[in-house]
Amino acid sequence: MTTTHLEPTAEAWRRNLGRTPDARLAGDRGSWWWTGLAPAACPGWDPQAGCLRSLPQLDLARATREAVLAYFENGWCLTEQLFASLACEEAFYRPPTHRLRHPMVFYFGHPASVFVNKLRVAGFLGAAVDAGLERLFETGVDEMSWDDMAKNDEAWPTVEEVLAYRRKVHGVVRELLASHPALRPGATRADGSLLWAVAMGCEHERIHLETSSVLIRELPLELVQRPSGWVPPHPSVPAASPPAPTPGHDHPENPLQPMPAATVRLGKPADFPSFGWDNEYGADERHVEAFEATSHLVSNGEYHAFVAAGGYREPRWWTEAGWAWRAFRNVKWPTWWVPDGPAGSHRFRLRLPFEEVPMPWAWPVEVNAHEARAFAAWRSEREGRGLRLPTEAEHVAMRPATDRAASPARPELDPVLRAGSAAMAETGRNLNLAWGSPWPVDTGLRTEEGLVGVTGNVWTWCEDDFHPLPGSQPDPLYDDFSAPCYDGEHTMILGGSFLSTGHEASVWARFHFRPHFHQSAGIRLIAAERCDAVRVAGRGAAQRAATTQDGGAVYETRRLVDEYMLMHHGAPEDVMPWSFGPRDGLDFAGRCGHLVLAACQAHGVPLDRALDLGCAVGGASFVLATAFREVVGADWSQAFVDAAEALRREGRARYFLRHEGELGEEREVHLPEGLDRARLRFERADAHHPPATWGRFNAVLIANLVDRLHAPRTCLRALEELVAPGGLLVVTTPYTWLPDFTPREAWLGGRSREDRPGAEGLAEALTPAFTRLEAHDMPFVIREHGRKFQWSVAQATVWRRR
C-alpha cells in the first residue's frame, strides 16, 4: 500500500471516505470483523454478565504457553471490541477536533505494527508482514504543543485493508506463541526473550486500549455506538430522565485527612515477575514530611463550584501556559461536560465513551493538568491556605500498605497479577475494566488513614515532571519509550483509571502526558509545608537537548537562535571578524547543502525530493531548494523551525549579532533573488520517529545531529525507510558524545580506551542498508560573541541506500 501526501486543507481527510459502506459498520459486527477470536469465544468472556472481562496481568514467572496465548487473545479482542464502537466510516478518518492526534484508523493498525516491529528487533521475526503499513503505523503522535495543528491529512488505508493486516499479524504472532520453542516462563527485564517481547506488545496494546477510548470519547456522539459485550458502566450512572438535581450539589464532602511523615521506596525490582516499562526500574528512596490530603478525588460537584464561580474566566488562577491553552481553545468547562441548558445555567450532562448521561456529580472530575492546577489555586485562595497536587512520593505514601509491600517475594500484593475485571471490583478498586465508567469518589477501598480511591477510578495528576529513577536504563527492545519524555514538558499521572488494564493497573505503573492532554485523570489536593516534586529543567541527561542555567531548553532560547542564524546565514566578516581566525569553517550549513548536491551529481541521483533532518534555522535547506523539486526541513526545536519558516515566508529576517555581554547590533539576512521558496517547507518533527507521511527522499542530510540524539540508532534505523533505494544519505558529525544529550550506553563509540571510535559504530549501524561512498573532514565555526568562538571538525560521509 502506498501512502500519498495530501494537500493539508481542513477537509482533506474526507478524501478517505466512500470506500467502506457505513451499513457494514453500524450495529453489531459480524464474523468479518474479528481477526482473532470473537468476544464470546475469547478468554475472559463472562457469559453471566454478557461481557468480555480483562484478564489479570501476565505473571511471567508462571506463564505457560496457554496463559500467554490467552492474554494475547484477550487484549487483541478487547481492541477490536473497542473499535466496533465506531459506527461509520467517518469515525475512522475524522481527525480529532484538536487535530493533535492521528485519526482512529491509525490506532486500529498501530498495536499490530508494534508487535511485528518489536519481535523483529528481538530477532524472532525475520521479515516484515507489510513493510509499508508497519512504517505508516509505527509511531503515534506526542503532540508538541496545544496549538500544534500541523498534522498531515493523508490517504489512509481502508478499514478492510487494516483488518486484513491485523489478521495477518494475528496469525504470525499466534503461530509463534503456539509453537516456538523459546517461549517459556521466567522472562526478566531486557533479557531478550520471546516472552518479554510478546509481553511488551501486549502491554503496549493495552496502553492504546485506554488512549483510544479517550479519543473515541472526543468524537461526535453520532459517530459512535456501544459495542456489544463491552463491560457496562457502574450502576451509579444516573437514570436517563431523573428529576434534575440542583447543579453541582449531589456529591460527598471532601475534608482533608492528616497523613504522617514517611519514607517511601520507588522503583520496580528487576526480578519482579511482570512486564514493566523502562522508567519504572531503578531505585529511589524519598522522605515525605507530614501532610494533609483530601479524603477522596475531587468530584464533578466540587469542580462545578469552580466553573460556576468563573474559574475559566479569571487568568489569576492559571499558569501562564495554562491560560494560553484555555484562551486558545476557548475552554469554559471540562472537555467531557456537555451543556444541558441556557448559557449561564451551569447545567451539564457527561459524555462517556459511547453515550451521554445525566451528570453524576459524585463521580470524579476528569480534567487536564492545566485545569487541575487552576482548581488548586482557586481553592487555595478560597480556603486561605496553600493547596496543590500530590508529588509522586506523596501519592505512594497515600496508597494502601499492601500495595507498598509488593515485592518479588510477594507478587500477589500487586492486585492486577491476580485480579481480572470482576475480581478487581471485589478488591475495592475500579481498575482493569472492573466497570466501564468511573464510580462515586467515596466508593471503594479505604486506606488505613481513611483515604478512598487512591488507586483506580481515574488517574491522579501529580506535581512531578516525568523523570527517570536513579539507575533506570532504556529497554533494548524499545529504547525510546520513556527517554523522549524526560523533558520537563510531561506531567506525571499515577494510580490508574477504570480504563487501565494489564500493566497500566499495576502498582508499579508510572505514566505521563503533556499538561494540555486529556486522559481519564483527575485531582486530589494536598496541603503541606514543602513540595519536593521533581522538576526536570528542559532536557537533561538521557534527553534530546541540554539546558540553560536557568532551566530552559537550550535550543529554544533567543540567544541560540541568534547564534545559529549567524552561523547559517551571516556574512563571513560577522561570523569570523579576525583575519587570523579559522575561516575554513565558515558557511558550514551551506557547504553541507552543496555537498549533497555534488554527491547527487557524482552518483547519478535525481534532484527530486530532499530532506534536511535536524535543519536548525535552514541554511542547508535553502541551498537544497535551489536544485531539488521539493525540500523538507525538519527540526525538534520549535524556535529553530519558526525562524526558518519566517525567513522562507518573508524572504528576509533579522537577528542579533552579539559583540560582548549584552552589547551588539541587529543584522538582516536576505534570501537570494529568484529562489523558488514554494519548493521548501519547514516542520517540527522528532528525528527518532519521522512521520511516515513524508514518504521517501532521493537525498537525506543529517548534519551534526547524531551525537545530539538520545537514541541515535533509532534515528539511523528510521533512515532506512526515509531514503529511497539508490538514494543518498549524507551524515556529518564531530562525534561529540555527551551524557547530557545521549545516555552513555547509546553512544555509537568512544566509551573507553577499549571501545571503537564513533565512526566505526556509525558504519556498523548503517552498513546493513547503506554502502559508504565518500568521506570528508569539514571544519565549522560557531561564534558566541566577538571574542569567543567554537571551532570543530565534523566527519562527513556519503552513503547510498542499497
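Since we're looking at a predicted model, the values are computed, not measured.

Below, the discussion takes up the environment of A63. Structurally, A63 can be placed in the loop between β2 (51-52) and α2 (65-83). Every residue in contact with A63, bar those within four places of it in the chain, is listed here: L58, V68, P185 and L195.

For the rest of this paragraph, the subject is the confidence of the model for the chain. A residue-level look at the chain finds 93% of positions with pLDDT of 70 or above and a mean pLDDT of 90. Under a pLDDT of 50 for its full length, residues 1-9 has, in the predicted model, 26 contacts with residues more than four places off or in other chains. Within the model, pLDDT remains below 50 along residues 538-556, and this stretch shows 73 contacts once partners closer than five positions in the same chain are excluded.

With respect to the helices, strands and loops of the structure, R524 is situated in the loop between β13 (521-522) and β14 (526-528). Separated by 226 residues in sequence, R524 and V298 place their C-alpha atoms 5.9 Å apart. For R524, the side chain forms a polar contact with the main-chain oxygen of T294, separated by 2.7 Å. Looking at R524, its side chain comes within polar contact range of the main-chain oxygen of S295, at 3.2 Å.

We now examine the side chain of Q519. With respect to the secondary-structure elements, Q519 resides in the loop between β12 (511-513) and β13. Residue Q519 is classed as buried on the basis of its relative accessible area of 0%. A polar side-chain atom of Q519 sits 3.2 Å from a polar atom in the side chain of E210. For Q519, the residues in contact, after removing those within four places along its chain, are E210, T211, V214, W336, V367, W459, I493 and F513.

The tally for this structure, following the rule as stated, stands at 43 aromatic pairs. Aromatic side chains Y735 and W737 sit 6.5 Å apart centroid to centroid with 45° between the ring planes, which places their arrangement in the tilted category. Comparing Y735 with W737, the two get one shared label, buried. Counting every residue linked through ring pairs, the aromatic cluster contains Y303, F306, Y312, W318, W323, W325, W333, W337, F348, W361, F375 and W378. For R217, the ring lying beneath its charged end belongs to W336, and the centroid distance is 4.1 Å. A cation over a ring is seen here: R684 above W636, with NZ or CZ 4.5 Å from the ring centre.

Calculation notes
Residues numbered from 1 in each chain as written. Predicted model: local features only at pLDDT ≥ 70, side-chain atom pairs only at ≥ 80, totals over all residues. Heavy atoms only, no water. Helix = DSSP H or I, 4+ residues; strand = E, 2+ residues; numbered from the N terminus. Contact = heavy atoms within 4.5 Å. pLDDT = per-residue confidence, 0-100. Polar contact = N/O pair within 3.5 Å; in protein donor to acceptor, adjacent residues only side chain to side chain. Buried < 20%, exposed > 50% of the residue type's maximum accessible area, 1.4 Å probe, protein only. Phe/Tyr/Trp six-rings, centres within 6.5 Å; stacked < 30°, edge-to-face > 60°. Lys NZ or Arg CZ within 6 Å of the ring centre and 35° of its normal.

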